[in-house]
Amino acid sequence: MTEAPVPYPAEGADPSQYVRTREKGSRDVTYPDAPEPLAVPVYDNHAHLEIEDGPSTGSGTGLTLDEQLTRAGEVGVVGVVQAGGDIESSRWSAWAAASHPRVLAAVAIHPNEAPAYAAAGRLDEAIGVIDELAAQPRVRAIGETGLDFFRTDEDGRPAQYESFEAHIALAKKHAIAMQIHDRDAHDAVLETLERVGAPERTVFHCFSGDADMARIAGERGYWLSFAGNVTFKNAQNLRDALAVIPRERILVETDAPFLTPAPHRGRPNAPYLIPVTVRFMAAELGIEVDELCAQLAANTLEVYGAFED
């Protein structure tokens, strides 16, 4: 996923200076050309814009936040929900939302980070920081939280469950949405939500289940957010899920800089590429792009509220 952050003191530091980088390896790290703008504006439901990936017009590293938002606005993507995954990135997310009218924040300890915090005796402290951040007016979601049985073995799962249930409680306490990370843990996530009681607005970020899971989610009133991987050839399960979930429960996201939609898979992802995914989804659903955009925008505002105060 992400690589080493540029370290800075957790307390009293300027969160705007925080940055993470993604290993480039041998992949193409040039940004794709901008797609044709959407006529009806939409929002990116989930991105990690603190991660630099690929070249930019200025620094030679990744796009700055201002560059990201400018490019997005030029193609009709008028807002981004910036998601955190640890203390530092959550602080950056809250700063970004407080500083930019087109950004809202989600804050959380990622399920793959929870075992490390627990092993260091800092999980309660970390959740306390998320609690404080969640009180800020432009922090509109707890996320990303959930369960990941792909990257975390059985020894780390108790900490994941503890963290997930604590985050569910925070979403309820602050009456904000919750964004779920679910990887190879579908049944466990659904069981936990049913046992503990899901927040009123529960979103499966980068939905990875199938049509059967989508039907359950729809029946329970959850939202499913589809990322660029819905365009991948091997992702028929996602297209099947898209076909059955009620349209008022659909969201769209980038998970930038990851999951760049075809035909740009592997290159840096960014909110300005949302139109590629939206047009693909509209074709799959057999509806006009403008109609889907209007639905996606309405759904996003229902979950998170207005972007501009």
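This text gives an overview of the structure that appears in the document. From a predicted model like this one, the values you see are computed outputs, not experimental measurements. (Residues numbered from 1 in each chain as written. Predicted model: local features only at pLDDT ≥ 70, side-chain atom pairs only at ≥ 80, totals over all residues. Heavy atoms only, no water.)

1. Observations concerning the environment of Trp223
Among the structural elements, Trp223 can be located in strand 9 (residues 223-226). A relative accessible area of 3% means that Trp223 is categorised as buried. A sequence separation of 16 residues divides Trp223 from Phe207, and the C-alpha atoms of the two residues are 9.3 Å apart. Non-local contacts of Trp223, meaning those with residues more than four positions away in its chain, are made with Glu200, Arg201, Thr202, Val203, Phe204, Glu248, Arg249, Ile250, Leu251, Asn299, Glu302 and Val303. At 3.2 Å, the side chain of Trp223 forms a polar contact with the backbone oxygen of Glu248. (Helix = DSSP H or I, 4+ residues; strand = E, 2+ residues; numbered from the N terminus. Buried < 20%, exposed > 50% of the residue type's maximum accessible area, 1.4 Å probe, protein only. Contact = heavy atoms within 4.5 Å. Polar contact = N/O pair within 3.5 Å; in protein donor to acceptor, adjacent residues only side chain to side chain.)

2. Quick look at the packing of aromatic side chains
This structure, assessed with the given rule, holds seven aromatic pairs. Plain terms: the ring middles of Trp92 and Trp95 are 5.5 Å apart, the flat faces sit at 55° to each other, and that makes the pair tilted. Here Trp95 and Trp92 lie together in helix 2 (residues 87-99), a separation of three residues that amounts to about one turn. For Trp95, a relative accessible area of 25% gives the class partly exposed. (Phe/Tyr/Trp six-rings, centres within 6.5 Å; stacked < 30°, edge-to-face > 60°.)

3. Points about the pattern of salt bridges
Counted under the stated rule, the structure contains 10 salt bridges. Notably, a salt bridge pairs Arg22 with Asp53, separated by 3.1 Å at the nearest N-O pair. Residue Arg22 is found in the loop between strand 1 (20-21) and strand 2 (42-47), and its partner Asp53 is found in the loop between strand 3 (51-52) and helix 1 (65-74); the two are separated by 31 residues along the sequence. On the basis of relative accessibility, which here comes to 17%, the residue Arg22 falls in the buried class. (Salt bridge = Lys/Arg side-chain N within 4 Å of Asp/Glu carboxyl O.)

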